[in-house]
Every structure is written in C-alpha cells, then in structure tokens.
Amino acid sequence: MITIDHIESIIIDVPTVRGHVLSMTTMMTQSVVLLRVRFSDGSEGWGEGASIGGLSYGPESVESIKLAVDSYIAPVLLGRDADRIAAASGLMARAVKGNHAARAAVETALWDGLARRLGTSVAQLFGGCIHERLPVAWTLASGNSETDIAEAEQMLSERRHRDFKLKIGKRKVKDDLAHVAAIARAVGDRGTIRVDVNQAWSLTEARYGVKGLQEIGCVLVEQPVPRERLHGLRALSQGYEIAIMADEVLQGPADAMRVAAERAADVFAVKVCQSGGLMPAAEVIAIARAAGIGLYGGTMLESGLGTAAAVQLFATVPELAWGTELFGPLLLTEEILAQPLEYRDFSVAVPTAPGIGVAPDPDKVKFYRRDRSDTLRAVGAP
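Residues numbered from 1 in each chain as written. Predicted model: local features only at pLDDT ≥ 70, side-chain atom pairs only at ≥ 80, totals over all residues. Heavy atoms only, no water.

**Some words on helix α3 (residues 100–118)**
Phase 1 of the analysis: For α3, which comprises 19 residues, the first-to-last C-alpha distance of 27 Å matches the rise-based estimate of 27 Å (1.5 Å per residue) to within 8%.
Phase 2 of the analysis: Among the 19 residues of α3, 16 are classified as buried, and the element is accordingly described as predominantly covered.
Phase 3 of the analysis: Looking at the residues trailing α3, positive phi occurs at G119, about 70°. (Helix = DSSP H or I, 4+ residues; strand = E, 2+ residues; numbered from the N terminus. Expected span 1.5 Å × (residues − 1). Buried < 20%, exposed > 50% of the residue type's maximum accessible area, 1.4 Å probe, protein only.)

Okay, here's the thing in structure tokens:
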C-alpha cells in the first residue's frame, strides 16, 4: 500500500500585470497556496488553493487555507492509503466543514499523484479528454474604459482572447452601463462581451442593469445579486433573455442542486476551488448537464498549477457552451511553472504529461514564497 507521507502548504505572492478592479477590492498581487503531497513510494502530487482578493470575496483566504491544511487536514490523512481518494475526501469532509479551497488543494494533489503513478493524465481518470484545446475568455478589469478598450484590441490582434468579461458593480449602475457600452462598441462583432457584478447589486439595481446590458448586446451577466438572494437570481433568469450565470452561490454540489431545482440560473460557473475539488466540481457539472443548464469553466485566478488541474477536468466535458476563463497565469507578472501552459488562437492547450500535466519551477516558488526573507527577495539573492 502506498501511503500519504508528507503534506506541505506554501503561500506565494505574485504581482499582477495591472490592477484587477472588482466590486469589493482592487488586486495588485495574487496570493495562492501551493500544496505538495509526498508519498511512501517516492512519488509526489501538486495541488493549489486560491481565493480572489482574500476574505473580501468569500469565506477563505490563503492564510485560512494553509491553517486548515496544516492543522486539521494533514493530521487525518498522513499514513492513509494514497490511492483511495474518495476515502481521503470523506476524512477531510469530517475533519473540516466548508474550507472548500483547502480541501480542493489536497484532493487535487492526490489525483495528480495517482495519475503520475499510473503514467496517465488526470483527465483520463475522469473519463478521458474530449477536447485538445479550450476557449479562454479574458477579464477586462482596469476600471477605465479607454484602458480596457486598448487591452481588448491587443488581445484580439495577438489572437489571445476574443471573449471579454468586464468587472463591474463598483460604480453607479448607469456609469457601469456606459462603461460596458463603450467597450461593446469598440469590440463590435469581433468578440463577445459579458459582465461579472460579483454580487454587488440589489434586485432593483439588477433589474435596471440587466435590462440595459441586454440592450447593449452583452451576452451574459454573472452573479448580479448576493448569493443568499436566490429568489432574485431566479427572477432575473426568468425575466430576461440575456443569460444569467450563477457563481458565488455555487459552493459545491448541494448548492448546484438547489440552484438547478429552483431554475435560478441559465449558466453555472464551475470552479474547482469553490466546489471543493475536482470530483465535487465534476458533480456540479453533472447536475448542470442533467438540468439543461449551460456550463462555463470558471477561475479563482489560480496560478498555472491550479489552472492546469481545471483544464484537465473541463477537457472531459462534452459541451462547454460558454467556454472558460482559465486565464489566471496570464494575469501574473511571472510564470511559476517549469513549462508554461500554451495559450494561442483564443484557447489553451490541454497538457499531455502525466498527472495535471505541469509542475512548478522550484526557483520561482522559492522566490515568491511568503515565508522567504523580504530582504533576500528585494536584492534578488538565489
């Protein structure tokens, strides 16, 4: 029996290429937890836990993820059978309530390790790849219309992205509508425009905003009202032709079932960290498919490591009607992978190496890890 021998969690902080303006915060750095599991046969697996903007976005931060892993999850998993991932997931669920990103980081590392030992990809363990490449949207979130238009033009000319999601909700609704309209006019029929409100609107504001967005030609509105206002999400989904997407409300399969039963959304943004792992995310996908709800591969702005894991899962989904937004590594000033993911022709390639298909660059991890001396980082010492 191959057992779980060691679990190590590492917080890294990597600057973003520009300010990432959301309704609740502005990000200049993305922090994630890299998770390495070592097994008794000498093999290892990697996972990642991420949060967008820390506790201003949701119930977890990188600090809480690391604490949950080190103090609660690792003690119950050490010495356990490394190949019995379902059993390990059950132990995690009993040891910690919630903490989906922490559990996802460990669960992903277990899948990565198992696939590496078998000499196959994680996608193969979830039924095998259907797609070799996945479409990838880009988020325009500078907060300035002219800057966002210039950025969209660059992405189109480089054939990197043609679907654009705008972060709105920080300003008055009418000002946000003017911002979206300006970008929609500039992009024209060369791409699509969708928005993410990150729960910032009341139902009254959302009715006004969604109507305006529909008239502008926006194709999708993501989580316009707070996650606990399911009746509001349902009213918007049934009251307008534009697609309404559930995001923050989806904290795993039970929430997905509740949203589907209420017919409260047209699309699910499925996120590995937010769902609690690859298997729970696959269950969310199955619920959506059974209910006739569209699918979108969401991101928690993971580094290349967590993004690769998500790519492995979404490559097994027969139809992703709304594509993905797996652009996390491109928002960072530095790539932390030894071999970066391949982005071109408006899409990302599915890695073909065993496991999740990628591995971190040890020197980059050493440089960006939070517990490294700030003085050493400043002078660039090895």
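**Re the UniProt feature "active site" (unreviewed entry) in the chain**
Phase 1 of the analysis: What UniProt calls "active site" (unreviewed entry) maps, in this numbering, to K167 and E325. Taken together, the annotated residues stretch across 159 residues yet fold into one region, lying no more than 13.0 Å apart by C-alpha.
Phase 2 of the analysis: Within the secondary structure, K167 sits in strand β6 (residues 163–167).
Phase 3 of the analysis: The exposure class assigned to K167 is buried, which follows from its relative accessible area of 12%.
Phase 4 of the analysis: In this structure K167 touches H20, V21, L22, T139, L140, A141, D196 and N198, once residues within four positions along its chain are discounted.
Phase 5 of the analysis: With respect to the helices and strands, E325 occurs in the loop between α12 (304–314) and β12 (343–344).
Phase 6 of the analysis: With a relative accessible area of 2%, E325 lands in the buried category. (UniProt positions renumbered as here; feature names shortened; annotations may be inferred. Contact = heavy atoms within 4.5 Å.)

**Let's talk about a positive patch on the surface**
Phase 1 of the analysis: A cluster of like positive charges, contributed by R80, R84, R94 and K97, occupies part of the molecular surface.
Phase 2 of the analysis: Among the structural elements, R94 can be located in helix α2 (residues 85–95).
Phase 3 of the analysis: Given the relative accessible area of 61%, R94 is considered exposed. (Patch = residues over 30% accessible without salt bridge, like charges linked within 9 Å, V, L, I, M, F, W, Y side chains within 5 Å. Areas by Shrake-Rupley, 256 points an atom, 1.4 Å probe, with all protein chains shown as cover. Salt bridge = Lys/Arg side-chain N within 4 Å of Asp/Glu carboxyl O. Lys, Arg positive; Asp, Glu negative; His and termini not counted. Charge placed at Lys NZ, Arg CZ, Asp CG, Glu CD.)

**What to know about the domain arrangement of the chain**
Phase 1 of the analysis: By domain assignment, the chain separates into domain 1 (3–119 + 362–368) and domain 2 (124–349).
Phase 2 of the analysis: Averaged C-alpha coordinates put domain 1 and domain 2 at centres separated by 23 Å.
Phase 3 of the analysis: Taken together, the contact between domain 1 and domain 2 spans 38 residues of the former and 46 residues of the latter.
Phase 4 of the analysis: In total, domain 1 and domain 2 occlude about 3300 Å² of area from one another, counting both sides; carbon and sulfur atoms represent 64% of this.
Phase 5 of the analysis: Between domain 1 and domain 2 we count two salt bridges in total. (Domains from an automatic or database assignment. Buried area = accessible area lost by both parts, 1.4 Å probe.)

**Some remarks on the nonpolar core**
It is characteristic of soluble globular proteins that their nonpolar side chains tend to be buried jointly.
Phase 1 of the analysis: Formed by 121 residues in total, the largest nonpolar core has its most connected members in F164, L213 and F268.
Phase 2 of the analysis: Lining this core are residues from two domains, each supplying at least three of them: domain 1 (3–119 + 362–368) and domain 2 (124–349).
Phase 3 of the analysis: Here F268 is in contact with M245, A246, L250, A256, V259, A260, V284, A288, I293, G294, L295 and Y296, once residues within four sequence places are set aside.
Phase 4 of the analysis: Residues L220, M245, V267 and Y296 belong to the second largest nonpolar core, which totals seven residues. (Core = buried A, V, L, I, M, F, W, Y, C linked by side-chain atoms within 4.5 Å.)

**Re the sheet that holds strand β2 (residues 26–39)**
Phase 1 of the analysis: One open sheet holds the three strands; their spatial order is β1-β2-β3, and the pairing between them is antiparallel. Only two strands of the sheet have a single partner each, and these edge strands are β1 (4–21) and β3 (44–50). Going from strand to strand, the sheet's axes swing by 20° on average, the running direction of each strand aside.
Phase 2 of the analysis: Of the strand pairs in this sheet, β1 and β2 are connected by 13 bridges, and their pairing is antiparallel. The residue bridging S9 from the neighbouring strand is L35, located in β2.
Phase 3 of the analysis: Along the sheet face, helix α1 (residues 62–77) touches β1, β2 and β3 and points at about 165° away from the line of β1.
Phase 4 of the analysis: Of the strands in this sheet, β1, β2 and β3 are in contact with α3, which crosses β3 at around 155°. (Pairing = 2+ DSSP bridges. Axes fitted to C-alpha atoms, helices over the stretch in contact; angles between N-to-C directions.)

**Quick look at the packing of α2 against α3**
Phase 1 of the analysis: At a minimum axis separation of 11 Å, α2 and α3 run at an interaxial angle of 165°. One way to sum up the angle between α2 and α3 is to call them roughly antiparallel. As α2 packs across α3, the resulting crossing turns out to be right-handed. The residues of α3 that touch α2, namely those facing I85, A88, S89, M92 and A93, are R103, V106, E107, L110, W111 and L114.
Phase 2 of the analysis: The class makeup of the residues in the contact of α2 with α3 is eight nonpolar, one polar and two charged. (Parallel < 35°, antiparallel > 145°, perpendicular 65-115°, else oblique. Left-handed = near helix turned anticlockwise from the far one by under 90°. Nonpolar A, V, L, I, M, F, W, Y, C, P; charged D, E, K, R; others polar.)

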